[in-house]
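Understanding the architecture of this molecule
Here's the letter readout for the chains.
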Amino acid sequence: MFAFKSLLNMPRGEALAVVVALIAAMGYTIISLEWLPHMSIIASIIVLVLYGLARGLKYDDMQKGMIGALNQGMGAIYLFFFIGLMVSSLMMSGAIPTLMYYGFGLISPTYFYFSAFALCSVIGVSIGSSLTTCATVGVAFMGMAAAFHADMAMTAGAIVSGAFFGDKMSPLSDTTGISASIVGIDLFEHIKNMMYTTIPAWLISAALMLWLLPNVAAHDMNSVESFRSQLEATGLVHTYSLIPFVLLVVLAMMRTNAVIAMLFTVIVAVAVTYLHSTPDLRQLGSWFYGGYKLEGEAFKDVAKLISRGGLESMFFTQTIVILGMSLGGLLFALGVIPSLLEAIRTFLTNAGRATFSVAMTSVGVNFLIGEQYLSILLSGETFKPVYDKLGLHSRNLSRTLEDAGTVINPLVPWSVCGVFISHALGVPVWEYLPYAFFCYLSLVLTLLFGWTGLTLSRK
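Everything quoted here is computed from the prediction, not taken from an experiment. Counting from 1, residues in each chain are numbered in the order their sequence is written. Local features are withheld for residues below a pLDDT of 70 in this predicted model, meaning they are given only at 70 or higher, and side-chain atom pairs are given and counted only at 80 or more; totals for whole chains, interfaces and linings count all residues. Hydrogens and water molecules were not included; the side-chain quantities draw on all heavy atoms of the structure.

1. Structural notes on the overall build of the protein chain
Of the regular secondary structure elements, the protein chain holds 23 helices and 0 strands. Whereas a compact globule of 459 residues would reach a radius of gyration of roughly 23 Å, the protein chain reaches 22 Å, a difference of no more than 12%. By principal-axis analysis of the C-alpha atoms, the protein chain measures approximately 70 × 50 × 45 Å. Residue burial is assigned from relative accessible area. The probe radius is 1.4 Å, only protein chains are included, and a residue is buried under 20% of its type maximum, exposed over 50%, and partly exposed in between. Buried residues in the protein chain amount to 58% of all 459 residues. Contacts are assigned to residue pairs that have any heavy atoms within 4.5 Å of one another. Residue pairs at least 24 apart in sequence account for 79% of intrachain contacts in the protein chain once pairs closer than 6 positions are excluded. For this count, His and the chain ends are skipped, Lys and Arg are scored as positive, and Asp and Glu as negative. Charge coordinates come from a single atom per side chain, which is NZ of Lys, CZ of Arg, CG of Asp or CD of Glu. The average position of the 22 basic charges and that of the 24 acidic charges among the side chains of the protein chain differ by 13 Å. Put simply, DSSP marks the helices as runs of H or I at least four residues long and the strands as runs of E at least two long, and each gets a number from the N terminus on. Each radius of gyration reported is based on C-alpha atoms, and the globular scaling rule is 2.2 Å times the count of residues to the power 0.38.

Written as structure tokens, this is what we have:
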């Protein structure tokens with residue numbers, strides 16, 4: 001994995017005991033004590049460093065292991081800086097508000113569940129945050145569901161499916177950036193490769209919502225019109241505001257480096273901003289650092305949707321990437337990961353078994369710890385050398401990390417996403433879980449393609 005050898009030749013039993021103790025401790029601190037994952041990771045690093053010192057290792061040697069892992073993740077750190085800048089610029093230019101405005105205009109009461117799924121998919125891609133989508137557009141749909149006398153659990157399932165489709169496929173998403181960076185591939189290459197499992201999962205989910213779930217007969221569209229009116233009143237909704245999005249899509253199709261594509265998108269978005277407003281340099285600096293802010297009591301319903309972005313919003317993700325990759329490097333330096341990989345080496349003989357192992361590890365971390373970031377970071381660090389040895393391209397690994405890590409977290413009642421969403425939407429996880437079709441279809445398809453070899457690419 002890294003350009004140095006493990007410091008310890010750790011027995012398999014000891015390595016397994018270390019991992020079990022680590023997962024149990026992190027699970028307890030995150031679930032029971034409600035620590036942020038940062039605190040759980042740094043506590044784990046401290047314990048492992050003390051363990052290494054007790055085994056006679058030098059701190060400088062262990063630090064080299066952590067730094068070696070972190071060197072591989074520096075691309076993600078830079079990427080997230082530009083994501084923060086781009087989100088702010090797309091808000092101030094009106095690109096995201098305009099996309100939302102037209103999206104709300106497409107809602108159909110008759111096909112209410114599909115409308116919720118489709119619109120949350122669009123909004124999720126545009127803002128790159130599943131939890132923000134659920135807490136804003138999702139809450140609006142739950143209100144509409146009550147007015148339409150629709151099934152609340154089915155509505156929540158449609159919202160979660162669409163929100164996590166967006167989280168998975170958006171270049172603005174932190175989990176998407178982490179998955180690409182942890183295995184060392186380009187962000188847009190990762191997104192393109194995910195389409196093999198994501199598009200079929202979306203289409204099947206759409207079919208199930210159109211034909212399996214019952215129709216909703218309703219005529220009260222006041223909630224939708226209220227959102228659209230507020231968006232229009234902001235002065236940000238203009239057809240030309242979509243130009244930055246078009247540029248981003250074109251550059252992605254041209255396989256332009258993700259950071260370069262974002263840089264040009266930001267420049268164009270700032271230029272578009274001056275077509276309908278004239279912020280000074282002081283205001284621009286504030287928005288780019290702290291995120292775009294929509295002021296005014298009249299906009300309170302849409303302010304949560306639009307007031308976001310900025311460098312500051314990326315610090316949470318950047319720090320967890322730094323700590324998570326450092327933890328992975330330390331586990332490698334201590335010989336924990338190499339020992340476990342050696343233990344399952346005889347099993348990981350083909351792509352199907354490798355895919356299954358990655359998926360089950362990601363799902364297992366989600367259920368044991370309830371943290372989607374850690375499910376991606378730990379699984380990615382552990383299995384990257386396995387994919388290298390089997391001659392499989394790293395894009396296959398990053399896709400599986402998302403299919404089994406990102407979208408499974410909202411299906412776990414005690415997970416970060418599960419707790420947040422059930423509280424925001426007012427529906428318990430176990431009630432909306434059967435209708436979150438997209439989430440478990442992604443897992444099923446990635447396992448199917450892994451065992452059959454379909455869509456898998458080799459180096």
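2. Section: the nonpolar core
Definition of nonpolar core: a set of buried residues of the types Ala, Val, Leu, Ile, Met, Phe, Trp, Tyr and Cys, connected through side-chain atoms within 4.5 Å. Within the largest apolar cluster, 139 residues are counted, with the highest numbers of intra-cluster contacts made by Phe-141 and Ile-306. For this core, the element with the highest residue contribution is helix 8 (residues 152-169), accounting for 10 residues. Those residues in contact with Ile-306 that lie beyond four places of it in its chain are Met-91, Pro-97, Leu-231, Leu-236, Tyr-292 and Leu-294.

3. Concerning the environment of Lys-459
Looking at the secondary structure, you find Lys-459 in the segment after helix 23 (437-452). You can call Lys-459 exposed: its relative accessible area is 62%. Spatially, the C-alpha atoms of Lys-459 and Arg-395 are 9.9 Å apart, while their sequence positions differ by 64 residues. When neighbours within four sequence positions are excluded, Lys-459 is seen to be in contact with Asp-388, Gly-391, Leu-392 and His-393.

4. As for the packing of helix 10 (residues 187-211) against helix 20 (residues 394-406)
Relative orientation of the contacting elements helix 10 and helix 20 amounts to 65°, with a least axis distance of 9 Å. For the element pair helix 10 and helix 20, the recorded crossing hand is right-handed. Mapping the contact onto sequence places Glu-189, His-190, Asn-193, Met-194, Tyr-196 and Thr-197 in helix 10 and Arg-395, Asn-396, Ser-398, Arg-399, Glu-402 and Asp-403 in helix 20. Here the contact of helix 10 with helix 20 is built from residues that sort into 2 nonpolar, 5 polar and 5 charged. The axes used here are C-alpha line fits, helices contributing only the stretch in contact, and every angle between their N-to-C directions lies in the interval 0 to 180 degrees. By the definition used in this description, the sense in which the near helix is turned from the far one sets the handedness, with an anticlockwise turn below a right angle giving left-handed and a clockwise turn giving right-handed. Residue classes follow a fixed rule: Ala, Val, Leu, Ile, Met, Phe, Trp, Tyr, Cys and Pro count as nonpolar, while Asp, Glu, Lys and Arg count as charged, and any other residue, Gly among them, counts as polar.

5. So, helix 8
Taking 1.5 Å of rise per residue, 18 residues should cover 26 Å, and helix 8 covers 26 Å from first to last C-alpha, within 8% of that figure. Summarising burial for helix 8: 17 of the 18 residues are buried, a large majority. A side-chain oxygen of the first residue of helix 8 lies 3.0 Å from the backbone nitrogen of Ala-153; this N-cap is Asp-151. To estimate the expected span of a helix, count its residues, drop one, and scale the result by 1.5 Å. Throughout this description, a polar contact denotes any pair of N or O atoms lying within 3.5 Å of each other; where both atoms belong to protein, one of them has to be capable of donating a hydrogen while the other can accept it, and for residues adjacent in sequence the pair is counted only when both atoms sit in side chains.

6. A short note on the UniProt feature "transmembrane region" (unreviewed entry) in the protein chain
When the UniProt feature table is mapped onto this chain numbering, "transmembrane region" (unreviewed entry) sits at residues 37-54, 75-99, 111-144, 194-213, 233-251, 258-277, 315-337 and 432-454. Measuring from the first to the last C-alpha atom of residues 37-54 gives 26 Å, for a span that is 100% helix and 0% strand. UniProt positions are given in the numbering used here, feature names are shortened, and annotations may be inferred rather than shown by experiment.

7. Topic: unusual backbone geometry
Phi is positive for Thr-455, close to 65°, though the residue is something other than glycine. Topologically, Thr-455 is positioned in the segment after helix 23.

8. With respect to the packing of aromatic side chains
Aromatic pairing here means that ring centres of Phe, Tyr or Trp (its six-membered ring) are within 6.5 Å. Orientation follows from the plane angle: under 30 degrees is stacked, over 60 is edge-to-face, and everything else is tilted. A full pass over the atoms with the stated rule returns 12 aromatic pairs. Ring plane angle 70° and centroid distance 5.5 Å describe the contact between Tyr-101 and Tyr-102, whose orientation is recorded as edge-to-face. Judged by its relative accessible area of 37%, Tyr-102 falls in the partly exposed class. For the pair Phe-114 and Trp-202, a centre-to-centre distance of 6.2 Å together with 75° between the ring planes defines the contact as edge-to-face. Taken together, the positions of Phe-114 in helix 6 (residues 112-127) and Trp-202 in helix 10 put the pair 88 residues apart, joining distant regions of the chain. For Phe-114, a relative accessible area of 23% gives the class partly exposed. By the ring-pair criterion, three or more aromatic residues cluster together here, those being Phe-114, Phe-117, Phe-165, Trp-202 and Phe-438. Only when the NZ atom of a Lys or the CZ atom of an Arg is both within 6 Å of the ring centre and within 35 degrees of the ring normal do we say a charge sits over the ring. Above the face of the Tyr-101 ring, Arg-228 is positioned so that its terminal group lies 4.1 Å from the ring centre.

9. Observations regarding helix 21 (residues 416-425)
Among the residues of helix 21, Cys-417, Gly-418, Ile-421, Ser-422 and Leu-425 are the ones counted as buried. The buried side chains of helix 21 occupy one side of the element, clustering within an arc of 120° when seen end-on. The directions from the helix axis to the C-beta atoms form the arc being described.

10. With respect to the packing of helix 1 (residues 12-32) against helix 2 (residues 37-54)
Remark: helix 1 packs on helix 2, axes separated minimally by 9 Å, with the N-to-C direction vectors making an angle of 150°. Judged by the inter-axis angle, helix 1 sits roughly antiparallel to helix 2. Regarding helix 1 and helix 2, the two cross each other, and that crossing is right-handed. Each of Glu-14, Val-18, Leu-22, Met-26, Thr-29 and Ile-30 in helix 1 lies in contact with helix 2, whose residues at this interface are Pro-37, Ser-40, Ile-41, Ser-44, Leu-48 and Tyr-51. Of the residues that constitute the contact of helix 1 with helix 2, the class distribution is 8 nonpolar, 3 polar and 1 charged. Throughout this description, any angle smaller than 35 degrees is read as roughly parallel, any larger than 145 degrees as roughly antiparallel, any in the 65 to 115 degree range as roughly perpendicular, and the remainder as oblique.

11. Points about the pattern of salt bridges
The salt bridge definition used is simple: a Lys or Arg side-chain nitrogen within 4 Å of an Asp or Glu carboxyl oxygen. A complete count under the given rule lists 4 salt bridges for this structure. A salt bridge links Arg-55 to Glu-14; the nearest nitrogen and oxygen atoms lie 2.5 Å apart. A residue pair is termed long-range when its members are at least 10 positions apart, and Arg-55 in the loop between helix 2 and helix 3 (59-72) and Glu-14 in helix 1 qualify at 41 residues. Arg-55 sits in the partly exposed class, given a relative accessible area of 36%. Between Lys-384 and Asp-388 there is a salt bridge, and its shortest N-O distance comes to 3.5 Å. With Lys-384 and Asp-388 both in helix 19 (residues 372-390) and 4 residues apart, this pair spans about one turn of that helix.

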